[in-house]
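A structural walkthrough
Here are the chains, one letter per residue:
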Amino acid sequence: MGEQHRLSIAHTEASNGWGGQEIRVLTEAAGFIARGHRVVVYAPDGARILAEAPRLGVPAVALPIGRKRPRGAQALVASLSRERVDIVNTHSSTDTWLSALACCWLDARRRERPVLVRTRHVSIAVPNDPATQWLYRRATARIVTTGDALREQLIRDNGIDPQRIDSVPTGIDASRFEPRSRTAARSELGLPRDAPLIGIVATLRSWKGHRHLIEALPLMMRSDARLVIVGDGPQRAALEAQREALGLGGRVIFAGLQQDVAPWLAAFDVFALPSYANEGVPQALLQAMVARVPCVTTPVGGIPEIARNGETARIVPAADPEALARAIDALLADPAEAQRLAANARAFVIPRYGLATMLDRMEVVFRRALAERSNRDRLYKQPGAAR
């Protein structure tokens, strides 16, 4: 297998949601297709990623992999046999288990089997039970995390060999998030021209901390400030009820899911991401930094890898609306300081978290996994090798 062998990659994603994880899957897939590789995405019927894939020119196929059922593994066996895939890159727990079983089935029957690469996007703890140890130490060829903190967590808490784990943060296409006129962006989106706008772009999940941001709004010094929530998800009804209970009415704007978040970021005076759990290195925070929007966030998961207090962002404790309000107030009151942080953040992110950098590093991971498999196979075939 030559070094420039054209890769055949299958991404599996059991999630029905739509957020940074699913966007990375498609962005990475589209990037590899543009480089001449062959890529397909497998997801459950009805998953949002299937609907979005054609927009990025990514082939996507519905398979019953949304639940841990034998038919999901069987469907993967059939598809992987038919497609002759080199790499299966899994992204959620359910599809990782099903893919591991499918690859083992192919291996046991001496079929051409792909190698399994597991990408971990969130900092949820991984169990240490025997089955999970088999999954991470035996069935998976390599593990990718979306930040250094997640990598260190697996090494520390699960005893994974550091040589088998690569940290590859999500890459951002900087050309999509060039700084633009705030006034023009607000006019385009129908947002208030003069009111301070605090924005968040995130799936409406509990751990993203939207409720703490809503609680912070009436604590702020600027009573005319508005909060713009871009995204959708399971917490929407609860957050709308919270807005009404606090009497915030039109001060909290639910913008819903947006395919292009760039104009929304451009409209914000401050970007806030008050997550309290389960974060890697969040795409939305990277995007805001590239768009040169001053940011307030928390020291959760991989966030401190890009958000450095007083240098590239303001950091506040998680689940602390009062601290959140004070940090936002400080940035609104000192535009020069806000723009200093924003400029520093953009200068820090662009050379380190570019799209091409992510694709380069993932290609290294994939080729290394294949080379390691080939080396094991050669050893296995040597006379006297243990069978």
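Report on the accompanying structure. (Residues numbered from 1 in each chain as written. Predicted model: local features only at pLDDT ≥ 70, side-chain atom pairs only at ≥ 80, totals over all residues. Heavy atoms only, no water.)

1. Some words on the nonpolar core
- Among the nonpolar cores identified, the biggest contains 65 residues, and Ile198, Leu265, Phe271 and Ile328 are the most heavily contacted of them.
- No other element matches the 7 residues that helix α12 (residues 321–333) contributes to this core.
- Those residues within four positions of Ile328 in sequence are excluded, and the remaining contacts are Ile198, Leu213, Met220, Val270, Ala272 and Val296. (Core = buried A, V, L, I, M, F, W, Y, C linked by side-chain atoms within 4.5 Å. Buried < 20%, exposed > 50% of the residue type's maximum accessible area, 1.4 Å probe, protein only. Helix = DSSP H or I, 4+ residues; strand = E, 2+ residues; numbered from the N terminus. Contact = heavy atoms within 4.5 Å.)

2. Thoughts on empty space enclosed by the protein
- All chains considered together, the criterion is met by 2 cavities of 30 Å³ or more.
- In this structure, the largest cavity spans a volume of roughly 40 Å³.
- Val126, Pro127, Asn128, Thr132, Gln133, Tyr136, Arg137, Asn158 and Ile160 are the residues that line the largest cavity.
- Ranked by residue count, the leading element in the lining of the largest cavity is helix α5 (residues 130–139), at 4 residues.
- Taken together, the residues of the lining of the largest cavity sort by class into 4 nonpolar, 4 polar and 1 charged.
- For the second largest cavity, the calculated volume is near 40 Å³.
- In this structure, the second largest cavity is lined by Val168, Pro169, Gly171, Arg352, Tyr353, Gly354, Thr357, Met358 and Arg361.
- The dominant element in the lining of the second largest cavity, judged by the number of residues it contributes, is helix α14 (residues 355–381), at 3 residues.
- Each residue belonging to the lining of the second largest cavity can be placed in one class, and the counts come to 4 nonpolar, 3 polar and 2 charged. (1 Å grid on protein atoms, 1.4 Å probe; cavity = no way out; pocket = protein on both sides within 12 Å on 5 of 7 lines; lining within 4 Å. Points joined across faces, edges and corners; volume = space filled by probe spheres on them. Nonpolar A, V, L, I, M, F, W, Y, C, P; charged D, E, K, R; others polar.)

3. Section: helix α3 (residues 70–83)
- The terminal C-alpha atoms of α3, which comprises 14 residues, lie 20 Å apart, in line with the 20 Å expected from a rise of 1.5 Å per residue.
- Lining the buried residues of α3 we find β1 (8–12), β2 (38–43), β4 (87–90) and α4 (93–108).
- Just beyond α3, the residue with positive phi is Arg84, at close to 50°. (Expected span 1.5 Å × (residues − 1).)

4. Side note on the sheet that holds strand β13 (residues 314–315)
- Pairing in this open sheet of 6 strands is parallel, and the strands run β10-β9-β8-β11-β12-β13 from one edge to the other. The open sheet terminates on both sides in strands that have one partner only, identified here as β10 (252–256) and β13.
- Judged from the 2 bridges that link them, strand β8 (residues 197–201) and strand β11 (residues 270–273) form a sheet pairing that is parallel. Bridge pairing links Gly199 to Phe271 in β11. (Pairing = 2+ DSSP bridges.)

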